[in-house]
Amino acid sequence: MKELIRPKSIEAFKQAQQFIPGGVNSPVRAFKSVGGTPLFIKRAKGSTLIDIDDNAYIDLCLSWGVFILGHSHPLVNQAIHAAVDNGSSYGIPTLQETQLAETVHHAFPSMEKVRFVNSGTEATMSAIRVARGFTKRDTIVKFEGCYHGHADHLLVAAGSGVTNIQGSTSAGVPIDFTRHTVCLPYNDKEALNKYFIENGRKVAAVIVEPVACNMGVVIPKNDYLAYLRQITEEYGALLIFDEVITGFRLSYGGAQEVYGITPDLTAIGKIIGGGFPAAAFGGKAEIMNMLAPDGPVYQAGTLSGNPVAMAAGIATTAILAQEHFYEHLSTKFDTFIDELKSIVINKDIQLNSKGNMYTLFFNNAPVHNFEEAKHSDQKRFALYFHNMLNRGIYVSPSQFEGNFLSEAHSESDLERILKAIKESI
Ligand SMILES: *Cc1c(COP(=O)(O)O)cnc(C)c1O
């Protein structure tokens, strides 16, 4: 096998570091946990990324799950071009915002009203604000290993006990800002029950990734989501599903459709923007009506509902809404996962998968939460990552991320990926 060489990317990274902190605009891109230097990309089409050294890679990261149709889908691009020719922002309402909001509502009936924002971070941050405004309570419960964007009060580390004051996972966040956030282990009904017995009436909302994707893919145990629904209802707290990754990915209606659980509020992002900075949050009308201008909860955005992003979202969801789209994708994926299972068996590797996303953990015990995910051998992961990269496969560059498939991945792509995994592990 010929090693791919990347002299231009290496030079570009040096240049970038002069003007951009760490050379990147989002930290995981810098390859810190796997070593080496990031690729600089000049083009992408379908399942393939092309770097500035003209190497081609099959992409399993897909801009962190955005491109369920693959990169540069012709119909999406056509819609984007048409939109931008009419102007790229007005700060005045457009028909497209209502159209996409209606589409979101049809996909997610629990989102009776929808507001568009520019990132998943804004979506969860605003969902929490409206939850607090509605319940007139302050406490938020989140789960260790679940990521909800980089708002101050969501970057909270788990303490050693639920009554301990918990610090932030980031410098620059005053302890006072995290005081109202409690971080509990994922998939642990007892810990939640114990917390709720003492504090349940103070809880504004429980926010969860219904299928966790930001500690690697970790799926909820049997009745875990049903339990979250039940206990929040019992104590008058709201349940927020962060479906920024799972929305429009696990199925058209996201994890809530797959598991048959109805949250009070939902955040979606990634896929809905069709490659542009758009995300949304929504839920019961009586809750969402708390938002300004009708209600007292302030929330706003200069570029929110941006017409180019709306066009990309409308074109993308129109394809996703076609009959059998998800069936085709999951048939393809199920075969892939079955073969992957047979490759990693007895290799001290855990394969966690759901829908069309998966993670390989390099350890010998099942992974149900962040504590267990952290037992993965990061050195082995880094080796695996570079082995894959040199075989022309771009895996998400951290152990604690999901890998994604798209409609654009062909049978021969999947064969190449499986062969590369067999050699790389
Ligand atoms: C990516 C992500 C976010 C944050 O979205 P940004 O657009 O990066 O701000 C929030 N929640 C989940 C589950 C995510 O995967």
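In every chain, residue numbers begin from 1 and rise along the written sequence. Since the coordinates come from a predicted model, pLDDT governs what is reported: local features require at least 70, and pairs of side-chain atoms require 80 or more to be given and counted, while whole-chain, interface and lining totals use all residues. Calculated side-chain values reflect all of the structure's heavy atoms, with hydrogen atoms and water omitted.

Draft legend 1. Helix α3 (residues 74-85), seen in detail. Per the convention used, a helix needs a DSSP run of H or I reaching at least four residues, while a strand needs a run of E reaching at least two, with both numbered from the N terminus. Multiplying 1.5 Å by the helix residue count minus one yields the expected span of that helix. Over its 12 residues, α3 extends 17 Å from the first C-alpha to the last, a length consistent with the 16 Å expected when each residue adds 1.5 Å. Categorising residues by exposure relies on relative accessible area from a 1.4 Å probe, with only protein chains included: less than 20% of the type maximum marks a residue as buried, more than 50% marks it as exposed, and the intermediate range marks it as partly exposed. For α3, the full list of buried residues reads Val76, Ile80 and Ala83. Seen along its axis, α3 keeps its buried residues to an arc of 65 degrees; they face one direction. α3 presents Pro74, Gln78, His81 and Asp85 as exposed residues on the side facing more than 90 degrees away from its buried surface. Elements that come into contact with the buried residues of α3 comprise α11 (307-320). Downstream of α3 by a residue or two, Gly87 has a phi angle that is positive, lying close to 110 degrees. What the arc describes is the spread of directions from the helix axis to the C-beta atoms. Whether two residues are in contact is decided by their heavy atoms: any pair within 4.5 Å suffices.

Draft legend 2. Structural detail: the sheet that holds strand β14 (residues 403-404). Strand order in the open sheet formed by three strands is β11-β12-β14, with antiparallel pairing between adjacent strands. One side of each edge strand has no neighbouring strand; the edge strands of this open sheet are β11 (350-354) and β14. Looking at chain direction, strand β12 (residues 357-361) and β14 are connected through two bridges and run antiparallel. Looking at the pairing, Tyr358 lines up with Asn403 of β14. Think of it this way: DSSP has to see at least two bridges between two strands before they count as a pair.

Draft legend 3. Just the sheet that holds strand β2 (residues 48-51), in detail. If you trace the four strands from one edge of the open sheet to the other, you get β1-β2-β3-β13, paired in mixed fashion. Of all strands in the sheet, those bounded by a partner on one side alone are β1 (41-45) and β13 (393-394). Of the pairings in the sheet, the one linking β2 to strand β3 (residues 56-59) comprises three bridges and is antiparallel in character. In the strand pairing of β3, Leu49 is matched with Tyr57.

Remember that the coordinates give geometry; whether it matters functionally is a separate question.
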